[in-house]
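Tertiary structure, described
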Amino acid sequence: MKAPADKTIAFTFYSLPTARHGQGWKARVVFPPGSCDSSSADVEVVGADGRPVDAATFVIAGQSLPVCRGRASLPCAAFAVGRHETGIWLHREGESPVPGALTFE
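Note that the structure is predicted; figures quoted are calculated from it, not measured.

The subject of this paragraph is the environment of Asp 54. With respect to the helices and strands, the residue Asp 54 is situated in the loop between β3 (40-47) and β4 (55-60). It is 7.2 Å that separates the C-alpha atoms of Asp 54 and Val 67, two residues lying 13 residues apart in sequence. Those residues in contact with Asp 54 that lie beyond four places of it in its chain are Val 67, Cys 68, Arg 69 and Gly 70.

Within the structure shown, the criterion is met by 2 salt bridges. The shortest N-O distance in the salt bridge between Asp 49 and Arg 51 comes to 3.3 Å. Residue classification places Asp 49 among the exposed residues on the basis of a relative accessible area of 53%.

Rules of the game
- Residues numbered from 1 in each chain as written.
- Predicted model: local features only at pLDDT ≥ 70, side-chain atom pairs only at ≥ 80, totals over all residues.
- Heavy atoms only, no water.
- Helix = DSSP H or I, 4+ residues; strand = E, 2+ residues; numbered from the N terminus.
- Contact = heavy atoms within 4.5 Å.
- Salt bridge = Lys/Arg side-chain N within 4 Å of Asp/Glu carboxyl O.
- Buried < 20%, exposed > 50% of the residue type's maximum accessible area, 1.4 Å probe, protein only.

In short, shape yes, function no, at least from these values alone.
Below is the structure:
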């Protein structure tokens, strides 16, 4: 994987509609300019209220990423390998996991 040297690439994911009030989320995976397999992408996760998710596990590209204060990191090589994995979830402790999907803003 190789990102353009002059562009930041970002993917935005939203939780699917859920009947559980307040359990929605939004995640952005940001690849800095020039990212390659040995780089990492920054992951930002906020809740339905727009505040950073304190603690959770974000599942994307077949990886389970620990989220702390709304932040996680994803190795670019792992994203490239798991890009065809369709499961996108946010797991908060003591709650049912909430699925999500890629969206366009």
